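# Report on the structure
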Amino acid sequence: MSKALYIVATPIGNLEDITLRAIETLKEADVILCEDTRVTKKLLARYAIQKPIQSYHQHSKLSKTEHILGMLEEGKSIALVSDAGTPGISDPGGMLVEAVVARFGDEVKIVPIPGANAALAALSVSGFPADAFRFLGFPPHKKGRKTFFEKLAGMEETAVFYESKHRIEKALEELVKNIGVRPIMVARELTKQFETLYRGTAEECLARLRADKILGEFVIVVRTVA
Ligand code: SAM
């Protein structure tokens, strides 16, 4: 395995959702960088992968990034994973890629090992047009949140965004206000035991969600007017 940074997608719930190439890459890397070591240890145990792991997350200090750049300089091969899905998509992976490109340009290979992603999984079962779509990440918590939903209402393509269990009710209330009766789909706990797809207007989805326990992880897909 040559010196490189491998960006490795991991499952979004069901541990079987990992590619053969991802397993091979994790087995061969010198070091695995991850967000929460407890989450990644479970995945590595499932595939009997024994490799040194180090944490790298959004609160990592500059000195940590320097340490990682140093390992690449020494010729080590590094695999980066996040807690779920594709690193860099609404999680800290992108920061490291940016730092590696800035320091080494093309001297260090950056290799994508594609796989699961929550937004695409949700979109694929939405039944809404997906030839072109807008991925919006997480809505801002406070400042800019109102504008986020107002802008979303004016978009011409299917819109996809993430929301946590703490703010999902509030997000659906915003959608009721801003998009009225346009169809949406709320995907809860994709690939996991309590996977649920709520389809209907935002108001209908909110009522059904409230009737269930509001637990888990959520992707919201919003259809455009046309
Ligand atoms: N990098 C990840 C990806 O490729 O999808 C996304 C990371 S982001 C920090 C985590 C958010 O993704 C969660 O808050 C939730 O909105 C969404 N998510 C992740 N796994 C999910 C799942 N199994 N079901 C529904 N949403 C999920």
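Everything discussed here concerns the structure shown above.
Let me sum up the structure you'll find in this document.

Definitions and cut-offs
Residues numbered from 1 in each chain as written. Predicted model: local features only at pLDDT ≥ 70, side-chain atom pairs only at ≥ 80, totals over all residues. Heavy atoms only, no water. Helix = DSSP H or I, 4+ residues; strand = E, 2+ residues; numbered from the N terminus. Rg over C-alpha atoms; globule rule 2.2 N^0.38 Å. Contact = heavy atoms within 4.5 Å. Areas by Shrake-Rupley, 256 points an atom, 1.4 Å probe, with all protein chains shown as cover. Lys, Arg positive; Asp, Glu negative; His and termini not counted. Charge placed at Lys NZ, Arg CZ, Asp CG, Glu CD. Pairing = 2+ DSSP bridges. Axes fitted to C-alpha atoms, helices over the stretch in contact; angles between N-to-C directions. Buried < 20%, exposed > 50% of the residue type's maximum accessible area, 1.4 Å probe, protein only. Arc of directions from axis to C-beta.

### Focus: the overall build of the protein
The helix and strand inventory of the protein stands at eight helices and 10 strands. Relative to its length of 226 residues, the protein is compact, with a C-alpha radius of gyration of 19 Å against a globular reference of 17 Å. For the protein, the C-alpha atoms occupy an extent of roughly 55 × 35 × 30 Å along the three principal directions. Residue pairs in contact within the protein that sit at least 24 positions apart in sequence constitute 69% of those at least 6 positions apart. Accessible surface computed for the protein: about 11,900 Å², of which carbon and sulfur atoms make up 53%. The centroid of the 31 positive side-chain charges in the protein is displaced by 4 Å from the centroid of its 29 negative side-chain charges.

### Considerations on the sheet that holds strand β6 (residues 133-135)
Taken together, the five strands give an open sheet; going across it, the order is β6-β7-β10-β8-β9, and neighbouring strands pair in mixed fashion. Two strands in the sheet have a free side with no partner beyond their single neighbour: β6 and β9 (196-200). Strand-to-strand, the axes of this sheet are offset by a mean angle of 15 degrees, without reference to chain direction. Relative to β9, strand β8 (residues 184-188) runs antiparallel, the two being bridged by five bridges. Opposite Met-185, over in β9, you have Arg-199 as the bridge partner. Against the sheet, helix α6 (residues 145-153) engages β7 (158-163) and β10 (218-222), with an angle of about 155 degrees to β7.

### Quick word on helix α8 (residues 202-211)
When α8 is considered as a whole, its buried residues turn out to be Ala-202, Cys-205, Leu-206 and Leu-209. Down the axis of α8, the buried set is contained in an arc of 100 degrees. They therefore lie on one face. Seen from the buried face of α8, the exposed residues on the opposite side, beyond 90 degrees, are Glu-203 and Ala-211. On its buried side, α8 packs onto α7 (168-179), β8, β9 and β10.

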